[in-house]
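This is what each chain is made of:
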Amino acid sequence: MEIESMEAEQAENVSENASDKSPSSSSCNGNDGAAAPSSPKKKQVSDMMKERFSKLLLGEDMSGSGKGVSSALALSNALTNLAASVFGEQSKLEPMSEERKARWKREVDWLVSVTDHIVEFVASEQKGKDGTNMEIMVTQQRKDLLMNIPALRKLDTMLLDTLDNFKNEQQYWYVSKDAEESEKGVQRGDKWWLPTIKVPPNGLSQDSCVFMQKQKDAVIQVLKASMAINAQILSDMDVPEPYLETLPKNGKSCLGDSIYKSITDEVFDPQQFLSTLDLSSENKVVDINNRIEASIVIWKRKMNNKDNKTSWGFTVSTEKRCMFEERLETILILLKHQFPGLPQSSLDITKIQYNKDAGLAILESYSRVLETLANTVMSRIDDVLYANTMARESGTGATMLPRKSNVMSAGDESAEKMSCGINTPMSRTMTLSDFMGWGVEPEKCSFDV
């Protein structure tokens, strides 16, 4: 109970500090240096903050019975829900409304302000009155937060600026999904819930194409950076006990005989291995991802515990065991970068659910929602480029038959995200840098990074 009261007191202080720094509250004070009477707007913002932080303190359990989630998970859910409500209607390439943009910036500031109070002791030199130098310990924001919070804020600004750049773009326009069939434009993958897109009969101009490609390249950079931060934060989280309890005794049973045999062969080519896997649907990719992650966790635990009774047998050296684990980690990286729109794995979900570190929770959720938004913006850009391609093919008399890479297997966003990676022909041997997205070519699929 003492710890809970301390957390409540600290969160109360965070709420007061964030309210003081809030743009809305500071702008309500019309007289510099003089205390102005509380305006209705300032009171409304203050009440909103109290409500939000009260819910966080209660762990989303409004009954007050103590059955709520941890503070870390409550913060993670708050950021996720905020992003869903603000960006859920981003169905077009257009700037966000000023109201939505102001709400996003304001409420993200409130939630991220918690990290200002997550500190660590660091050594610092101080000069005494007699002129001697002394080394003392001072508080500083925790190193991972000090590095990543400014980076995430910059990525956030880049994405909003990218959307603002489409303010004056007039060469394409959207037609309501409920319009007459003759008035409708085109849309990739029969995405009936999105408006269709129309472009001039001969397609976009050269300047417009260059502009679209420039915005696409900017979003690619945001996507790669947010993915890298999210992956690093998830790797820093401890593997929870409930996940370990669900694992079998050995990694071979997780992988299956065919994958296990390929991983333990003397000659191993990641590209060739991927070509043998069935990656035809999102569920199959997620399943393979879960099995590989489970095997890695099992083998790492056994190596750390120096357990000789493993599924590898007694003749396999530690060096070979590490090599097999590295092969799996390489495949995992390639899958994640080939299919960036995948849902979270079972391991990631369990880590987020049982994580107790509020700082890691904010970093993970903030980077995840930015990654999701970058995927959405990338998809909207590709919708316009697809409409441009169809218009040009029609203008040159080419047969407008739908190509396999543009036909979605299901009418949902996840299928759209999967299509680029699944149907991209692997005509050459790709290096790890290719999969990581270094030196992305403009003509390549937007998610092939």
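Residues numbered from 1 in each chain as written. Predicted model: local features only at pLDDT ≥ 70, side-chain atom pairs only at ≥ 80, totals over all residues. Heavy atoms only, no water.

1. Comments concerning the overall build of the chain
From N to C terminus, the chain includes 17 helices and four strands. By the burial criterion, 44% of the 449 residues in the chain qualify as buried. For the chain, the exposed surface amounts to about 24400 Å²; the carbon and sulfur share of it is 51%. (Helix = DSSP H or I, 4+ residues; strand = E, 2+ residues; numbered from the N terminus. Buried < 20%, exposed > 50% of the residue type's maximum accessible area, 1.4 Å probe, protein only. Areas by Shrake-Rupley, 256 points an atom, 1.4 Å probe, with all protein chains shown as cover.)

2. Focus: the side chain of serine 345
For serine 345, the location among the structural elements is in the loop between helix H13 (318-338) and helix H14 (346-354). Assessed through its relative accessible area of 2%, serine 345 is described here as buried. Separated by 2.6 Å, the side chains of serine 345 and glutamate 293 make a polar contact. Leaving out residues up to four positions away in the same chain, serine 345 has contacts with Asn289, Asn290 and Glu293. (Polar contact = N/O pair within 3.5 Å; in protein donor to acceptor, adjacent residues only side chain to side chain. Contact = heavy atoms within 4.5 Å.)

3. A few points about the environment of aspartate 156
As for its position among the elements, aspartate 156 is in helix H6 (residues 143-164). Counting along the chain gives 66 residues from aspartate 156 to valine 222, while the straight-line C-alpha distance between them is 8.5 Å. Residue contacts for aspartate 156: discarding those within four places in its chain leaves Trp104, Tyr366 and Leu370. Of the polar contacts made by the side chain of aspartate 156, one reaches the side chain of tryptophan 104; its length is 2.9 Å.

4. A few points about the packing of helix H4 (residues 71-87) against helix H5 (residues 98-112)
Closest axis-to-axis distance for the H4/H5 pair is 10 Å, and the angle between their directions is 175°. Of the possible angle classes, the one that applies to H4 and H5 is roughly antiparallel. Contact with H4, carried on its side by Leu75, Ala78, Leu79, Leu82, Ala83, Ser85, Val86 and Phe87, involves Arg100, Arg103, Trp104, Glu107, Val108 and Leu111 of H5 and no other residues of that element. Across the contact of H4 with H5, the residue classes tally to 10 nonpolar, one polar and three charged. (Axes fitted to C-alpha atoms, helices over the stretch in contact; angles between N-to-C directions. Parallel < 35°, antiparallel > 145°, perpendicular 65-115°, else oblique. Nonpolar A, V, L, I, M, F, W, Y, C, P; charged D, E, K, R; others polar.)

5. A word on the confidence of the model for the chain
Of the residues in the chain, 77% reach a pLDDT of 70 or more, and the chain-wide mean stands at 78. Per-residue pLDDT, averaged within each element of the chain, yields its smallest value for helix H17 (residues 432-436) (35) and its largest for H6 (96). Taken as a whole, residues 18-37 scores under 50 in pLDDT and shows 19 contacts with residues more than four places along the chain or in a different chain. (pLDDT = per-residue confidence, 0-100.)

6. Notes on the pairing of strand S1 (residues 119-127)
Bridge count between S1 and strand S2 (residues 133-141): nine bridges; the pairing is antiparallel. Note that in S2 the partner of valine 122 across the bridge is valine 138. Between S1 and S2, which pair antiparallel one after the other, the connecting turn spans five residues, and glycine 131 there sits at a positive phi close to 90°. (Pairing = 2+ DSSP bridges.)

7. Comments concerning the environment of glutamine 272
With respect to the secondary-structure elements, glutamine 272 resides in helix H11 (residues 270-276). On a C-alpha basis, the gap between glutamine 272 and serine 262 in space is 9.9 Å, while along the polypeptide they are 10 residues apart.

8. What to know about the nonpolar core
Within the largest apolar cluster, 61 residues are counted, with the highest numbers of intra-cluster contacts made by Phe87, Leu93, Trp104, Tyr172, Met212, Tyr366 and Ile381. Mapped onto this core, the elements with two or more residues apiece are helix H3 (40-57), H4, H5, H6, helix H7 (206-236) and helix H15 (358-395). The element that contributes the greatest number of residues to this core is H15, accounting for 16 residues. Judged by nonpolar contacts, the second largest core, of 31 residues, contains Val285, Val286, Ile292 and Phe339. (Core = buried A, V, L, I, M, F, W, Y, C linked by side-chain atoms within 4.5 Å.)

9. Some points on the packing of aromatic side chains
Tallied over the full model, the rule gives five aromatic pairs. Aromatic pair phenylalanine 87 and tryptophan 104: ring centres 4.8 Å apart, planes at 65°, arrangement edge-to-face. Taken together, the positions of phenylalanine 87 in helix H4 and tryptophan 104 in helix H5 put the pair 17 residues apart, joining distant regions of the chain. Residue class for phenylalanine 87 comes out buried when judged on its relative accessible area of 9%. With 5.4 Å between their ring centres and 75° between their planes, phenylalanine 166 and phenylalanine 211 make a pair best called edge-to-face. Of the two residues, phenylalanine 166 sits in the loop between H6 and strand S3 (173-175) while phenylalanine 211 sits in helix H7, which places them 45 residues apart along the sequence. (Phe/Tyr/Trp six-rings, centres within 6.5 Å; stacked < 30°, edge-to-face > 60°.)

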